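Structural features, examined
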Amino acid sequence: MTKSKTRQRGGKSKLPPRVPSLRRLQRLSKIDFATPGIVRMLGMSTSGDRGVFVELDLHNEIRAIVADYIADRSSQVPPKEFRKRIRAFRSVVETFLRKFPTTQDEVTEAINRELDQIESDWAPSLSHIGNGLDVVLDVVKSLETVEGGAGTDANRAAHLLLAGLASVYRKRTGKRPSKKIDGKFAKFVKAVNAQIPARFKLNGLAHLIRSVDIGWVNSSLFTPQLPP
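Quick summary incoming for the structure in this document. What you are looking at is a predicted structure, and each value in this text was computed from that prediction instead of being measured.

Let us now look at the overall build of the protein chain. Each helix and strand in the protein chain was counted, giving eight helices and zero strands. For the protein chain, the α and β elements follow one another from N to C terminus as α-α-α-α-α-α-α-α. Considering only intrachain contacts with a sequence separation of at least 6, the fraction spanning at least 24 residues in the protein chain is 81%. Of the roughly 14100 Å² of accessible surface on the protein chain, a fraction of 52% belongs to carbon and sulfur atoms.

As structure tokens, this is what we get:
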């Protein structure tokens, strides 16, 4: 099988270690994320008929980011547990690949012929399966490296929320978010935080705003999916 290319990620993530979960996005349908205070901190004009659509677009964008944050906070496993699971998964894939046939013989030929007879897009050849597993192993190894950051209880969900809001801020204002606690970006975050349900509100905003990695604001991470 051909050797897959390992994706280059440039070392460890600057975010805190992930706290993965099986997530359920909240609707948050009764919360307004385009309040006058939020809109004002972005310097947006919402007058006239077009203003209604501008506010709705802003509301949906922030709602999706907050829904992701709440989903992350609601159902999590500790980083230590995640690292243990990803190591175990890597071991399983490596063990299977060591035993996976890499040469053509009577058995692999017979299996490939049977696969050819199956009328399904989900019936790949053995070589495609092996190549796919190579890619999976690369991703698993990358996750082990990128998500092996220091700390056991760092608030990754909050960092992602602030980085997502920084993306909104930069997109709407054209300005790079400032880390000053009395700056407009901080005031924008506070206005959004005021709308977040009480048990999920951000604590220690001053520290979070100073520590968030603003370099993530243009990342594809922040193309959130709206809850149905």
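Still more to cover.
Turning to a positive patch on the surface, a few remarks are in order. Together, Lys175, Lys184, Lys187 and Lys190 make up a region of like positive charge exposed at the surface. Checked against the element boundaries, Lys190 lands in helix H7 (residues 184-193). Its relative accessible area of 39% is what places Lys190 among the partly exposed residues.

Once that is clear, we can look at the packing of helix H3 (residues 79-99) against helix H5 (residues 126-146). Contact pair H3 / H5: the axes reach a minimum separation of 10 Å and the direction vectors enclose 150°. Relative to H5, H3 is oriented roughly antiparallel. Considering only the axes of H3 and H5, their crossing is left-handed. The segment H3 lies against H5, with Ile86, Arg87, Phe89, Arg90, Val93, Glu94, Phe96 and Leu97 engaging Gly130, Leu133, Asp134, Val136, Leu137, Val140, Lys141, Leu143 and Glu144.

This brings us to the packing of aromatic side chains. Counted under the stated rule, the structure contains four aromatic pairs. A ring pair is formed by Phe96 and Phe100, whose centres lie 5.6 Å apart and whose planes are at 55°; its orientation type is tilted. For the ring pair Tyr169 and Phe188, a centre distance of 6.2 Å and an interplane angle of 40° mean the geometry is tilted. With Tyr169 in helix H6 (residues 156-173) and Phe188 in helix H7, this residue pair connects regions lying 19 residues apart in the sequence. Neither Tyr169 nor Phe188 differs from the other in exposure class; each is buried.

Mapped onto the secondary structure, Asp32 falls in the segment before helix H1 (36-41). For Asp32, a relative accessible area of 38% corresponds to the partly exposed category. Taking the C-alpha atoms as reference, Asp32 lies 9.5 Å from Leu56; in sequence the two are 24 residues apart. Aside from chain neighbours lying at most four places away, what touches Asp32 is His59 and Gln195. Within polar-contact distance, the side chain of Asp32 engages the backbone nitrogen of Ala34 at 2.8 Å.

The next point concerns H5. Between its terminal C-alpha atoms H5 stretches 30 Å, which fits the 30 Å expected from 21 residues at 1.5 Å a residue. By the burial criterion, the buried members of H5 are Leu126, Gly130, Asn131, Leu133, Asp134, Leu137, Asp138, Val140, Ser142, Leu143 and Val146. At its buried positions, H5 is contacted by H3 and helix H4 (106-117).

Turning our eyes to something else, we now look at H3. Between its first and last C-alpha, H3 extends 31 Å over 21 residues, near the 30 Å set by a 1.5 Å rise per residue. By the burial criterion, the buried members of H3 are Pro79, Phe82, Arg83, Ile86, Val93 and Leu97. Buried residues in H3, looked at end-on, bunch into an arc of 95°, giving them a common side. In H3, those exposed residues whose orientation departs by more than 90 degrees from the buried face are Lys80, Lys84, Val92, Arg98 and Lys99. Taken together, the buried residues of H3 touch H5.

What follows deals with the packing of H6 against H7. Their axes nearest at 11 Å, the elements H6 and H7 cross at an angle of 120°. For the pair H6 and H7, the crossing hand works out as right-handed. Judged by residue contacts, Leu162, Leu165, Ala166, Val168 and Tyr169 of H6 engage Lys184, Phe185, Phe188, Val189 and Val192 from H7. Its residues placed into classes, the contact of H6 with H7 shows nine nonpolar, no polar and one charged.

How each quantity is defined
- Residues numbered from 1 in each chain as written.
- Predicted model: local features only at pLDDT ≥ 70, side-chain atom pairs only at ≥ 80, totals over all residues.
- Heavy atoms only, no water.
- Helix = DSSP H or I, 4+ residues; strand = E, 2+ residues; numbered from the N terminus.
- Contact = heavy atoms within 4.5 Å.
- Areas by Shrake-Rupley, 256 points an atom, 1.4 Å probe, with all protein chains shown as cover.
- Patch = residues over 30% accessible without salt bridge, like charges linked within 9 Å, V, L, I, M, F, W, Y side chains within 5 Å.
- Salt bridge = Lys/Arg side-chain N within 4 Å of Asp/Glu carboxyl O.
- Lys, Arg positive; Asp, Glu negative; His and termini not counted.
- Charge placed at Lys NZ, Arg CZ, Asp CG, Glu CD.
- Buried < 20%, exposed > 50% of the residue type's maximum accessible area, 1.4 Å probe, protein only.
- Axes fitted to C-alpha atoms, helices over the stretch in contact; angles between N-to-C directions.
- Parallel < 35°, antiparallel > 145°, perpendicular 65-115°, else oblique.
- Left-handed = near helix turned anticlockwise from the far one by under 90°.
- Phe/Tyr/Trp six-rings, centres within 6.5 Å; stacked < 30°, edge-to-face > 60°.
- Polar contact = N/O pair within 3.5 Å; in protein donor to acceptor, adjacent residues only side chain to side chain.
- Expected span 1.5 Å × (residues − 1).
- Arc of directions from axis to C-beta.
- Nonpolar A, V, L, I, M, F, W, Y, C, P; charged D, E, K, R; others polar.

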